[in-house]
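# Coordinate inspection notes
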Amino acid sequence: MTQLMKAAKSGTRDGLEKTKIAVMRKVTFLHRKEVPGDSEEEDTGFLEVTVSDMKHPPPELGPMPTGLSPQQVVRRHILGSIVQSERSYVESLKRILQDYRNPLMEMEPKVLSARKCQVVFFRLKEILQCHSMFQIALSSRVAEWDSAEKIGDLFVASFSKSMVLDVYSDYVNNFTTAMSLIKKACLTKPAFLDFLKKRQMASTDRVTLYGLMVKPIQRFPQFILLLQDMLKNTPKGHADRLSLQLALTELETLAEKLNEQKRVADQVAEIQQLSRSISDRSSLSKLLNSGQRQLLLCETLTETVYGDRGQLIKSKERKVFLLNDMLVCANINFKPVNPRGQLEISSLVPLGPKYVVKWSTALPQVQVVEVGQESGAYDKDNVVIHNAGAKKHAPTGPASHNKVYLGPPRLFQELQDLQKDLAVVEQITLLISTLHGTYQNLNMTVAQDWCLALQRMMKVKEEEIHSANKCRLRLLLPGKPDKSGRPISVMVVFITPNPLSKISWVNCLHLAKIGLREENQPGWLCPDEDKKSKAPFWCPILSCHMPAFSSKALDLQLSAAVHNPVQSSLLGFSAVSTSLPQGYLWVGGGQEGAGGQVEIFSLNRSVPRTVKSFPVASPVLCMEYVPEAAEGDTEATEESRAGAEQPPATLHPTVCLGLRDGSIAAYSSVDTGTQCLLTCKSPGMQPVLCLKHSPEYLFAGLQDGTVAAYPRNNVGLWDLTEQPTCLPVGTSPVQALLMLDETLWASCANQVTVLDASTLCAQQTFEAHPDTEASVTHMIKAGSGVWMAFSSGSSIRLFHTETLEHLQEINIATRTTFVLPGQRHVRVTSLLICQGLLWVGTDQGIIVLLPVPRLEGIPKITGKGMVSLNGHGGPVDFLAVALSTLAPDVLKGDQEEEEGEEEKPPELDGPPPREIRKKGILLQYRLRSTSHLPGQLLSVRDAPVGTVTPEHTEEDGSIYEMADDPDVWVRSRPCARDAPRKEISSVAIISGGRGYRNFNSEPQRRGGDADSTLLIWQLPLML
């Protein structure tokens, strides 16, 4: 009733009606304003609830009872951290409102208008309300902790509401504007700056207003880390465990949605800012305002101009925008407007600097050229260096016509000269060794010194070339034709802030060009409430489709594919950014009633190339990649690894094949000659339907309902000569196997049996589908859940890995009808989970993509997903992932290399190093820094007197840094610029099936489409 009365009094037109409906539905109800500060009176559409500290005191954890287990003690301490951090957070929110917002609103004369106050403190009251209510619920949980020990469901209930997403999203999207407004007010209104200083000095901890206002942005990463710690210390079978996993899922989903909304808001703001700086009549302005442009990447890069001897003539910062179909370069325009040369502050904030477009060019005409790739890449005679003084450096006469310098010029020439000189000096050394007499400065010692000196100079030159590639982005653009009408290309050289940025630019340029191909326009359908079908840039891009087998004579049916990752030290810095994940793709299949075939493709390029093809005795039904023993058991913790007996580390990676005639064959990698290392027949020569491996065993799922377990022998290979241990799981075929920690899941008909992977004893069996005819055909793990597909019906089902509880069911047919209306009978034929996306292949050739969380929570499907407009003419026979990592030493900048010279970087041609970072959620809020604006840097705390120097004061704590360095984990700690970089992950998804079909155009594209075909999708590099 109080809510109804309040809404009625507020005078909104249909407030009472809306409130009735809202109270019935228990949702937030008044009209929400999208833009802060639209009116003088703050009516944001959320009911204000005041929480009395007298009625609801903050949660307090009582004294610890005796007799608790060590794990219970740890859980109690983590609860204490949650209570303490929440109390501190709520106090900070109250401080912002009581110490800053309220006095500023009441102050006369006003130093900040009411409208600006609304913008600066937008949504803070609502955030405080959310957490005040959460704190009340937390108090009751804390009070009963020692008897119940449950907290996960409280997080689920509190942070799954749409209101929480709404208020936090508004706050995050408005944060940069608010900070810029504060900075502008500090510069223009001394009274405001004085007010901030006094408030800060009056506080006990001396935290600045910025330091307080950044806390809502850090809150969810803190919660996630605390819940991850709590989950780690909650034993399996505990009443709180599933709730904690679901809570992690809710918080991760919330964080992902915040990321996406912030990304879209930033993209719109940047495009608007760019379009404002162009005259309305220009064609570029019309393109930008058409709403068809997506901003893929924008960054401040340094354009450099070199002289004819390689000397740096000038450098200037430019803002470079990569749109989905064009590249735009702009000057960052700071113009002094008064006679004293002072900057016009209003032109800088709140939206940042204005731009003057220098040039723009269509994306297909942009070419990336690496140092040393000049020969054959383009016509050197027609290239000029793009800069203000280009005329000085352009070819003018016959003498200089062929002499064009591309910065840094002549490095390769100088290296070749040194190599020639070394060859000459080595010949001289041989001649000196034949001298009979002794001569000053003409002896073997001097000659050897010459050789060593030249070798050192060559090494320096090679390092110069390497570092020149690392941060130097060289683009070849179309220029205006010369007087004779001959086309002229223009070379532009940019210096990127770090090697990671360079890789990102090359990768995004490469994928954006592929994205412009007909099959990717559009490539995905995104069914949404507003019927929008534009897919975001991060969605997979179809890079190529090709025949799966080189032999056209045989009608071969596809069955399986695996990726054998091999690190190649020969790939250049830029090639890594554009090639598919390094290594080899093995594809297997065969002909019904005849033999089988294996095709091996090299992926060390942008389009796969067949490197080997060989027949096998019978059709291939399944494949399993077994990494070398040193890498094995990647899921195991260090402790269990130390305790278990490791097989010898000399074993190289192998690919195991399961054949229809009951054979199992193990082959060595392509790099070691693809030898057949061993082969055997399954018990009873039963067809081998699936293969999985653990550190101790190779498991084979057979047609007769048994699982055969082959142990390793003393040289690390599988012992296929002895009879394997046979584990009967039913009478129907074992169609799917899944390794889960220390257990093996084996499916038989509609049931799944859980086996101990070490003792090989059955632990339990559960029913995965109520229909006995619906056999489990696929099982795939993510986080703490397993998704399953079935031989009949269009549903996929999610089960908890610990309780085996059925958690979610999704009908895929509701998604496929967007592409093929009226087709209700859909069957799932393949499943894959990769980087937060569940790929589902169907018998109609359609591929559906559904978002799932990445952390150790429950992998519930959290969105509508997307449907691919590129698919197969027949069923999707398999979905496979190719994943490789780039070693971190490649990412070091020149300064980092100098500092870390004593540490030897890992060898590139060795196995890729494993990621060692903790699992966590990276919130890429992409907040733009205000450090380029005049005035003092914003910081969390003021530095001690005498130490305030720009190079040592960190602008905006740990948050703004994310704009430049996506590897920063927001953990309320200072941003470590020198934090160790994780590897770059390169990912491709491969689907196999009959033919290629574009559902956007004709049903069948070409006559030969009935052949087995591979479709390869690339994802942007994970940086």
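Look above for the structure.
Computed from a prediction, not measured in an experiment: that's the story for all the values here.

Attention now goes to helix H8 (residues 162-188). Taking 1.5 Å per residue as the helical rise, H8 with its 27 residues ought to reach 39 Å, and the 39 Å between its terminal C-alpha atoms agrees with that figure. By the largest-angle criterion, phenylalanine 175 marks the main kink of H8, which is about 45 degrees. Summarising burial for H8: 21 of the 27 residues are buried, a large majority.

Sheet architecture is open: 5 strands sit in the order S9-S34-S33-S32-S31, paired in antiparallel fashion. Strand pairing shows two members of the sheet lacking a second neighbour, strand S9 (524-525) and strand S31 (828-834), which therefore form its edges. Note that S31 and strand S32 (residues 837-842) share 6 bridges and pair antiparallel. For leucine 831, the partnering residue across the bridge sits in S32 and is valine 840.

At a minimum axis separation of 9 Å, helix H5 (residues 124-143) and H8 run at an interaxial angle of 145 degrees. Taken as a pair, H5 and H8 cross one another with a handedness that is left-handed. Touching Leu124, Glu126, Ile127, Cys130 and His131 of H5 are Met163, Val164, Val167, Tyr168 and Tyr171, all from H8. Within the contact of H5 with H8, the residues separate by chemical class into 8 nonpolar, 1 polar and 1 charged.

Looking now at the sheet that holds strand S29 (residues 795-800). Here 4 strands make up an open sheet; going across it, the order is S27-S28-S29-S30 and the pairing antiparallel. Sheet topology places strand S27 (776-782) and strand S30 (806-811) at the edges, where each strand pairs with a single neighbour. Between one strand and the next, the sheet's axes are offset by a mean angle of 20 degrees, whatever the strand orientation. Across 6 bridges, S27 lies against strand S28 (residues 785-790) in antiparallel orientation. Considered in S28, the bridge of alanine 782 is made with glycine 785.

In this section: the nonpolar core. Ranked by internal contacts, the top residues of the largest apolar core, which has 67 residues, are Phe121, Ile151, Phe155 and Met213. Among the elements that line this core, the one with the most residues is H8, at 14 residues. What isoleucine 151 contacts, discounting residues up to four positions off in sequence, is Leu79, Ile82, Leu138, Arg141, Trp145, Met230, Asp240 and Leu244. The next biggest cluster of nonpolar side chains, apart from the first, holds 25 residues, and it includes Ile780, Ile796, Val819 and Val840.

In total, this model carries 18 salt bridges according to the counting rule given. Here aspartate 153 and arginine 141 are joined by a salt bridge, their closest N and O atoms 2.6 Å apart. Taken together, the residues span a long stretch of sequence, with aspartate 153 in helix H7 (residues 152-159) and arginine 141 in helix H5 at a distance of 12 residues. Between lysine 236 and aspartate 741 there is a salt bridge whose closest N-O contact spans 4.0 Å. Of this pair, lysine 236 sits in the loop between helix H11 (215-232) and helix H12 (241-276) while aspartate 741 sits in the loop between strand S23 (734-740) and strand S24 (743-748), and the two are 505 residues apart along the sequence. Taking the relative accessible area as the measure of exposure, aspartate 741 reaches 48% and is therefore partly exposed.

Looking now at the packing of aromatic side chains. Taken as a whole and assessed by the stated rule, the structure comprises 21 aromatic pairs. Through a chain of ring-to-ring contacts, three or more aromatic side chains come together here, namely Phe134, Phe155, Phe159, Tyr168, Phe220 and Phe223. For arginine 219, the ring lying beneath its charged end belongs to phenylalanine 223, and the centroid distance is 4.1 Å.

A word on unusual backbone geometry. In this chain, glutamate 108 is followed by proline 109 through a cis amide linkage whose omega measures -10 degrees. Of note, the amide linkage connecting glutamine 521 to proline 522 takes the cis form, showing an omega dihedral of -10 degrees. Position of proline 522 among the secondary structure elements: in the loop between helix H17 (499-515) and S9. Within the chain, methionine 685 stands out as a residue other than glycine whose phi angle is a positive 50 degrees.

What follows concerns the packing of H8 against helix H9 (residues 190-202). Following both chains from N to C, one finds H8 and H9 inclined at 115 degrees, their axes separated by 5 Å at the closest point. The angle between the axes of H8 and H9 places the two elements in the roughly perpendicular class. Residues Ile182, Ala185, Cys186 and Thr188 of H8 form the contact with H9, whose participating residues are Pro190, Phe192, Leu193 and Leu196.

Turning our attention to empty space enclosed by the protein. Using a probe with the size of a water molecule, rolled over the atoms, empty space left in the structure can be pinpointed. In the structure shown here, the tally under the stated rule is 7 cavities of 30 Å³ or more. Size it by volume and the largest cavity reaches roughly 90 Å³. Considering the residues around the largest cavity, the lining is formed by Pro547, Ala548, Phe549, Ser551, Lys552, Leu554, Asp555, Leu556, Arg994, Asp1011 and Ser1012. Looking at the lining of the largest cavity, its residues break down into 5 nonpolar, 2 polar and 4 charged.

We now examine the pairing of S31. Of all 7 residues in S31, 7 are buried; the element is thus mostly enclosed. Between S31 and S32, which pair antiparallel in sequence order, lie 2 residues; one of them, glutamine 835, sits at a positive phi of approximately 50 degrees.

Within the element layout of this structure, threonine 801 appears in the loop between S29 and S30. The class for threonine 801 is buried, based on a relative accessible area of 19%. Ignoring any residue separated from it by four or fewer positions in sequence, one finds threonine 801 in contact with Leu740, Trp745, Ser784, Gly785 and Val786.

On the surface, Val424, Ile428, Leu435, Tyr439, Leu442 and Trp450 cluster together to form a nonpolar patch covering roughly 500 Å² of accessible area. By secondary structure assignment, the location of valine 424 is in helix H15 (residues 411-432).

Attention now goes to H5. When the terminal C-alpha atoms of H5 are compared, their 28 Å separation across 20 residues agrees well with the 28 Å that a helix rising 1.5 Å per residue should span. Within H5, 14 of the 20 residues are buried, leaving the element largely enclosed by the surrounding structure.

Its location among the elements puts glutamine 763 in strand S26 (residues 762-767). Look at glutamine 763 and you get partly exposed, because its relative accessible area is 45%. Considered as a pair, glutamine 763 and threonine 743 are 20 residues apart in the sequence and their alpha carbons are 8.9 Å apart. Other than its neighbours up to four places away in sequence, glutamine 763 contacts Thr743, Val754, Leu755 and Asp756.

Cut-offs used in this document
- Residues numbered from 1 in each chain as written.
- Predicted model: local features only at pLDDT ≥ 70, side-chain atom pairs only at ≥ 80, totals over all residues.
- Heavy atoms only, no water.
- Helix = DSSP H or I, 4+ residues; strand = E, 2+ residues; numbered from the N terminus.
- Expected span 1.5 Å × (residues − 1).
- Bend = angle between axes of the 7 residues up to and from the residue.
- Buried < 20%, exposed > 50% of the residue type's maximum accessible area, 1.4 Å probe, protein only.
- Pairing = 2+ DSSP bridges.
- Axes fitted to C-alpha atoms, helices over the stretch in contact; angles between N-to-C directions.
- Left-handed = near helix turned anticlockwise from the far one by under 90°.
- Contact = heavy atoms within 4.5 Å.
- Nonpolar A, V, L, I, M, F, W, Y, C, P; charged D, E, K, R; others polar.
- Core = buried A, V, L, I, M, F, W, Y, C linked by side-chain atoms within 4.5 Å.
- Salt bridge = Lys/Arg side-chain N within 4 Å of Asp/Glu carboxyl O.
- Phe/Tyr/Trp six-rings, centres within 6.5 Å; stacked < 30°, edge-to-face > 60°.
- Lys NZ or Arg CZ within 6 Å of the ring centre and 35° of its normal.
- Parallel < 35°, antiparallel > 145°, perpendicular 65-115°, else oblique.
- 1 Å grid on protein atoms, 1.4 Å probe; cavity = no way out; pocket = protein on both sides within 12 Å on 5 of 7 lines; lining within 4 Å.
- Points joined across faces, edges and corners; volume = space filled by probe spheres on them.
- Patch = residues over 30% accessible without salt bridge, like charges linked within 9 Å, V, L, I, M, F, W, Y side chains within 5 Å.
- Areas by Shrake-Rupley, 256 points an atom, 1.4 Å probe, with all protein chains shown as cover.

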